[in-house]
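# Architecture and fold: a report
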Amino acid sequence: MNTHKHAMITKLVSDLSMSRRHFLKASAAGGTLLAAGMGLKPELTALAEAGDTPPEEKGTWHAGTCQGCTSWCAKQVYVVGDRAVKVRGNPHSKVCVGASCVRAHMALQQVYDPDRIKTPMKRTNPKKGRHEDPGFVPISWDEALDTLADKIMALRDADETHKYMLMRGRYTYMRDILYDRMTKIIGSPNNISHSAICAEAEKFGSYYTEGYWSYRQYDVKKARYVLIWGADPLAANRQVPFYTSVWGDVMERARVAVVEPRLSATAGKADEWLPIVPGQDSALALAIAHVILTRGLWSREFVGDFKDGSNRFVPGQTVDESTFDEAFTHGVVAWWNLEVKDRSPAWAAEKTGLPVAQILRVAEDFGKAAPRAISWVGGGPSMQVRGGYGSMACHALNGLVGACDNEGGTLVSNKEYTRKFPKPDAFMDDIAKKGKKHEKIDQRGRLTFPALKSGKPGSAVLTNNAADGILNEDPYEIKVAVGYMNNFTFSCTQPDRWERALAKIPFVAHLTTHASEFSWFSDLLLPNTHHLFEKYGYVKSIANGYRHVTLMQPVIKRIGDYKTDETEVPWLLAEKLSQRGFDNLLRHYKEYRDPETGKEPTTADEFSLYALKYATQSLWDPAQYKGGDKFNGWKEFLETGVWNSDPYPYRKRWGKMKTATEKFEFYSVTLKNALEKHAKKHKTTVDEVLSACNYEAQGEHAFIPHHEDPFTIGDADTYPFVFVDHKSRLNREGRSANCTWYYDFKDLDPGDEPWQDVAKINPADAKKIGIKSGDTIRITSPTGTIECTAKLWEGIRPGTVAKCFGQGHWAYGRVAAGEFGKTPRGGNNNDLIPAEYDRLSGSTVRHAGTRVKIERIEEG
Ligand SMILES: Nc1nc2c(c(=O)[nH]1)N[C@H]1C(S)=C(S)[C@@H](COP(=O)(O)OP(=O)(O)OC[C@H]3O[C@@H](n4cnc5c(=O)[nH]c(N)nc54)[C@H](O)[C@@H]3O)O[C@H]1N2
Ligand SMILES: Nc1nc2c(c(=O)[nH]1)N[C@H]1C(S)=C(S)[C@@H](COP(=O)(O)OP(=O)(O)OC[C@H]3O[C@@H](n4cnc5c(=O)[nH]c(N)nc54)[C@H](O)[C@@H]3O)O[C@H]1N2
Ligand code: SF4
Ligand SMILES: [Mo]
């Protein structure tokens, strides 16, 4: 370890012993566990916390699932005595192929983190604010749930159950128990998920072209070209273990091109890096389409051909639609005439800042690789103000080359056979039915928030706008809120709005493993089990031509008084509500019977197990077998830990896509229908809707993948740099911030430095503003300011500044904060990024969203 790193850790430990705050003190169960860890560096306290197991004792491997990111990998945990000591890929998964990623191991630091909340706590300081110590004191689960049940009953008694709100961050598929059923049976419309701060705009592109609202998988083993847009699959995005384990072969067989303003881990190994001007992805995608059509490289089989076989796609010239016979796509000629004919590489070079020769080369090579050419669409081009269209434009390339649903192309999800939990309807009484009819707190469906999930106006969540709904009491006030596995006061842009919103709600409960910025504004903390080691649950994911359903199960002893967020807590709360004369929820949960014995659950433990068996019965019960892996029963499934689907059925969706025309739509009739419905509801036109929502398109352009200039806040004179946000190879979403390995190995991210939070600036730009590596700088956007360290780095496009998301925590534990509860370590990117939206999908913007200026505070 270098001396600097060592000095940082020593300082950390001494800071903590000098000024431990009430919050952290109370978060340890009793004094002994804490004392056992004191004096050790935080990263060395795990074993002290876990008890004494003789080192010679042999352990066993148990199946589990990692949720460090949305890859949702099947894992195995090596357990010695009561404690987990190692994590590896579960070899039974055909999705993860036994592989792992670096951050899987940090789950161990998470589960044995001395700063976990180990017992329920209540706030004693009624004042809420960043500078108000909450004064949390330990209480029993009984007291905690009595309090919450009383608050809910008060809403029911006053006939205002809509003022209850449930916020969901990361989740398992047990989610509906807490998120859907409980909210409905209490009687509120306000179950607000985190999906809109995650990746909805990315799904928008595939939905409004091929009728699929979800993540795709990429058949890279058979591909000949992989074109990646604002995703970094060797470090982030999804199914990192699978893609990293086959990438060497992929690089041998295929060309890989990465479109990114910064040299990502994947770009660093690619054949082509296209360091694009942020937000100009649609320009590049359309130019690629232009080249593919003018050079005749499109897939005849998927798209069709001119009746006489001669190519009439000539730059700048319209084509008579009747001369073309379309096969499995809809509107290729309309798209050409309205948009693509004018999008030449020379035009795109101006917009994107990329050389014409590179655009041409990439387009031709991509087209020649058809249909084994993948256009891989990540958050980069999508999670922008006009990102819905960016996402469509990039995704449309898969249609042109016939890669959709095809070998070596882009695939959707294989079939799986889990089942939904029992319906709640019969348990919703009049109060609940009336409560649920109210408008949702996130204002989805209003004129400026079309939120068009799966073709329905007002159906997508607007996670980040809920803060404004709460603050403005528009449509009404929220009185009781529950948040689980979320940290919106950190993870949402302009998080200060969430601080004020939570401070305004009279009663907030946080279900969490760790103290966090969300907890800081809560009245009640309910300590949760850790997903990989301590609870039952299941998730699904796709890669390698398969889908798996992978189980979570308790494999270690709980060293705190933890309960599981999505199962045990709602059951226990249902019991409390029942004691208060409202037994609908408990009666509903009792319907989740054990499929083996037919018994109804009588305790929280039984409930969580029966619910999981119920949902997955068709996977493990031979009598209910429907496909994929076959098991002899529950026990065998639990031991194996993962079910694999049948292999991918290529081309089954050709001509049967879930779009209005059942074809791949270059002219999206599906989007047209949705937008017209929204406009009609507001008694206006689609043109008005689009301009009210910050899009440029008018007329027919609204329905096709087209170019829009990026909508970026801040004028270029005051704010010379466009801010580029990205994830760390070590981010477990927002959940690795208190792990020392996160900081120790930070230089795994290209350009980053261990134990520092750096802004990466191109040396040419840095010279102009007189900044050197190591300088302490202030970055300011029109909406906020952070402090961090400057790093001169060639891997970033001039005129932009890149910073990894993840640091800037001030209340996530002793390692994550500068001083817990007081000062951040590094800066939170979200303090800089304005709370803007891609309003068509409801997504929160994190790319091409703002310009910033940089000033030196201190010389490095
Ligand atoms: N600037 C910027 N902002 C981003 C992103 C970005 O790349 N850049 N990424 C966005 C994305 S893609 C997402 S999905 C969101 C995620 O944002 P959120 O959904 O808010 O989730 P996290 O920030 O991961 O916070 C999860 C919280 O759950 C608690 N927790 C941790 N582990 C467990 C557990 O095992 N069980 C339970 N019950 N609780 C646990 C901790 O308190 C933790 O703070 O952030 C988004 N925000
Ligand atoms: N290591 C790691 N992996 C993760 C997660 C994690 O926390 N850590 N979280 C998981 C979750 S919840 C999600 S939703 C996914 C999301 O993963 P991604 O789909 O990869 O999305 P983003 O995090 O938005 O990052 C997109 C990339 O876009 C680049 N970029 C920024 N601006 C632009 C632009 O204008 N154009 C282009 N083309 N690129 C741009 C950034 O440099 C960044 O590399 O990742 C999952 N995987
Ligand atoms: S962190 Fe993500 S990619 Fe890594 S093992 Fe966990 S779920 Fe899989
Ligand atoms: Mo996400």
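Residues numbered from 1 in each chain as written. Chains lettered and ligands numbered in written order. Predicted model: local features only at pLDDT ≥ 70, side-chain atom pairs only at ≥ 80, totals over all residues. Heavy atoms only, no water.

## As for helix H14 (residues 345–352)
Quick reminder of the rule: Per-residue accessibility, obtained with a 1.4 Å probe over protein chains only, is compared with the maximum for each type, and a residue is labelled buried under 20%, exposed over 50%, and partly exposed between these values. Helix and strand assignments follow DSSP, with helices taken as H or I runs no shorter than four residues and strands as E runs no shorter than two, numbered in order from the N terminus. Note on contacts: a residue pair is in contact if any heavy atoms of the two residues lie within 4.5 Å.
For H14, every residue scored as buried is listed here: Pro345, Trp347, Ala348, Ala349 and Thr352. Those residues of H14 that are buried are in contact with helix H11 (281–294) and helix H15 (356–368). Note on H14: the residue one or two positions beyond its end, glycine 353, has a positive phi of about 70 degrees.

## A few points about the sheet that holds strand S19 (residues 524–527)
Our working definition: Should DSSP find at least two bridges between two strands, the strands are regarded as paired. A fitted line through C-alpha atoms serves as each axis, taken over the contacting stretch for helices, and the angle formed by two N-to-C directions is quoted from 0 to 180°.
Spatially, S5-S4-S19-S18-S17-S6-S7 is the arrangement adopted by the seven strands of the open sheet, whose pairing is mixed. The open sheet has two free edges, formed respectively by strand S5 (137–138) and strand S7 (191–193), since each of these has just one partner strand. Of the strand pairs in this sheet, strand S17 (residues 480–484) and strand S18 (residues 507–512) are connected by five bridges, and their pairing is parallel. Considered in S18, the bridge of glycine 483 is made with histidine 510. Against the sheet, helix H6 (residues 141–157) touches strand S4 (121–122), strand S6 (164–168), S17, S18 and S19, its axis set at about 125 degrees to S19.

## Some remarks on the pairing of strand S20 (residues 537–543)
Within S20, seven of the seven residues are buried, leaving the element largely enclosed by the surrounding structure. Burial of the side chains of S20 extends over both faces: Gly537, Val539, Ser541 and Ala543 are buried on one face and Tyr538, Lys540 and Ile542 on the other. Pairing geometry for S20 and strand S21 (residues 546–552), over seven bridges, is antiparallel. Bridge pairing links valine 539 to threonine 550 in S21.

## What about the packing of helix H23 (residues 568–579) against helix H25 (residues 604–620)?
To keep things clear, this is the line we draw: If an angle is under 35 degrees, it is roughly parallel; if it is over 145, roughly antiparallel; if it lies from 65 to 115, roughly perpendicular; otherwise it is oblique. For a crossing to be left-handed, the near helix must be turned anticlockwise from the far one by less than a right angle; the clockwise case is right-handed. Under the scheme applied, nonpolar residues are Ala, Val, Leu, Ile, Met, Phe, Trp, Tyr, Cys and Pro; charged residues are Asp, Glu, Lys and Arg; polar residues are all the others, including Gly.
Relative orientation of the contacting elements H23 and H25 amounts to 130 degrees, with a least axis distance of 9 Å. Between H23 and H25, the angle falls in the class oblique. Viewed along their axes, H23 and H25 form a crossing whose handedness is right-handed. Of the residues in H25, those in contact with Glu568, Trp571 and Leu572 of H23 are Ala604, Asp605, Phe607 and Ser608. Grouping the amino acids of the contact of H23 with H25 by side-chain chemistry returns four nonpolar, one polar and two charged.

## Structural notes on the nonpolar core
We count it as follows: Working definition of a nonpolar core: buried Ala, Val, Leu, Ile, Met, Phe, Trp, Tyr and Cys residues. They are joined through side-chain atoms within 4.5 Å. The domain limits used here are those given by an automatic or database domain assignment.
In this structure, Leu227, Ile288 and Leu675 are the most contacted members of the largest nonpolar core, which totals 77 residues. When residues of this core are assigned to their parent elements, the largest contribution, ten residues, is made by H11. Taken domain by domain, this core gets at least three of its residues from each of domain 3 (215–411 + 654–665) and domain 4 (669–703). If we ignore the near neighbours within four places in the chain, the residues touching leucine 675 are Tyr389, Leu452, Val686, Val689, Ala702, Phe703 and Leu840. Core analysis: the next-biggest nonpolar cluster, separate from the first, contains 64 residues, Ile139, Leu585, Tyr592 and Leu638 among them.

## Quick word on the site of ligand 2
Here is the rule we go by: Whether a residue is near a molecule or strand depends on its heavy atoms: it is near if one of them lies within 4 Å of it. Any pair of nitrogen or oxygen atoms within 3.5 Å is treated as a polar contact; in protein, a donor-acceptor pairing is required on top of that, and neighbouring residues in sequence qualify only through side-chain atoms on both sides. Each accessible area is a Shrake-Rupley result for a 1.4 Å probe, and residues are judged covered by the shown protein chains and nothing else.
Around ligand 2 sit 34 residues, and of these Asn237, Glu260, Asp281, Lys727 and Asn731 come closest. Glycine 230 is positioned with one of its backbone polar atoms (N or O) 3.4 Å from a nitrogen atom of ligand 2. Take asparagine 237: an N or O atom from its main chain is 2.6 Å from a nitrogen atom of ligand 2. Out of a free accessible area of 920 Å², ligand 2 has 98% covered by protein chains. For the shell around ligand 2, the elements supplying multiple residues, two or more each, are helix H16 (379–382) and strand S24 (721–726). Per-element accounting of the shell around ligand 2 gives the leading share, three residues, to S24.

## Re the packing of H11 against H14
One way to put it is that H11 packs onto H14 with a least axis distance of 9 Å and a crossing angle of 165 degrees. As judged from the angle between their axes, H11 and H14 are roughly antiparallel. When the axes of H11 and H14 are compared, the crossing they make is left-handed. Contacts from Ala283, Leu284, Ala287, His290 and Val291 in H11 reach Pro345, Trp347, Ala348, Lys351 and Thr352 in H14. Here the contact of H11 with H14 is built from residues that sort into seven nonpolar, two polar and one charged.

## Structural notes on a nonpolar patch on the surface
To be explicit about the condition: Put simply, a patch holds well-exposed residues, over 30% relative accessible area, that have no salt bridge, with like charges counted together within 9 Å and Val, Leu, Ile, Met, Phe, Trp or Tyr side chains within 5 Å. Criterion for a salt bridge: a side-chain nitrogen of Lys or Arg within 4 Å of a carboxyl oxygen of Asp or Glu.
On the surface, Val102, Trp741, Phe745 and Leu748 cluster together into a nonpolar patch covering about 330 Å² of accessible area. Following the sequence through the fold, tryptophan 741 ends up in helix H29 (residues 740–744).

## Topic: the domain arrangement of the chain
Rule in force here: Buried area, as used here, totals the accessible surface that two parts lose on assembly, with accessibility defined by a 1.4 Å probe and the loss added over both.
Per the domain assignment, the segments making up the chain are domain 1 (57–115 + 534–560), domain 2 (138–196 + 419–528 + 563–619), domain 3 (215–411 + 654–665), domain 4 (669–703) and domain 5 (721–856). The distance between the C-alpha centroids of domain 4 and domain 5 comes to 36 Å. Listed by partner, the interface residues are five residues for domain 4 and four residues for domain 5. With both chains or domains summed, domain 4 and domain 5 bury close to 400 Å², and 60% of this area falls on carbon and sulfur atoms. Of all residues in domain 4, the largest losses of buried area upon contact with domain 5 belong to Cys693, Asn694 and Tyr695, amounting jointly to 74% of the total for that side. Linking domain 4 with domain 5 are zero salt bridges. Summed over the shared surface of domain 4 and domain 5, the result is three residue pairs in polar contact (both at pLDDT 80 or more). Grouping the constituent residues of the side of domain 4 that touches domain 5 by class yields four nonpolar, one polar and no charged.

## Let's talk about the sheet that holds strand S11 (residues 272–274)
Strand order in the open sheet made by the four strands is S11-S10-S9-S15, with parallel pairing throughout. Each edge of the sheet is formed by a strand with only one pairing partner; in this case those strands are S11 and strand S15 (373–377). Strand-to-strand twist across the sheet, computed as the mean angle between neighbouring axes with direction ignored, equals 15 degrees. Where strand S9 (residues 225–229) meets strand S10 (residues 255–259), five bridges bridge the pair, whose relative direction is parallel. Residue valine 226 lies in a different strand from S10, and its bridge partner there is valine 256. Contacts from H15 reach S9, S10, S11 and S15 within the one sheet, and its direction differs from that of S11 by about 125 degrees.

## Description of the site of ligand 1
Near ligand 1 there are 29 residues, and of these His194, Asn487, Ser491, Thr512 and Asn830 occur at the shortest range. Between ligand 1 and serine 491, the relevant distance is 2.7 Å, taken from an oxygen atom to a side-chain nitrogen or oxygen of the residue. Lysine 727 places a side-chain nitrogen or oxygen 3.1 Å from an oxygen atom of ligand 1. Coverage of ligand 1 by the protein chains reaches 97% of its 910 Å² of free accessible surface. Its residues assigned to classes, the shell around ligand 1 comprises seven nonpolar, 15 polar and seven charged. No fewer than three residues from each of domain 2 (138–196 + 419–528 + 563–619) and domain 5 (721–856) sit in the shell around ligand 1.

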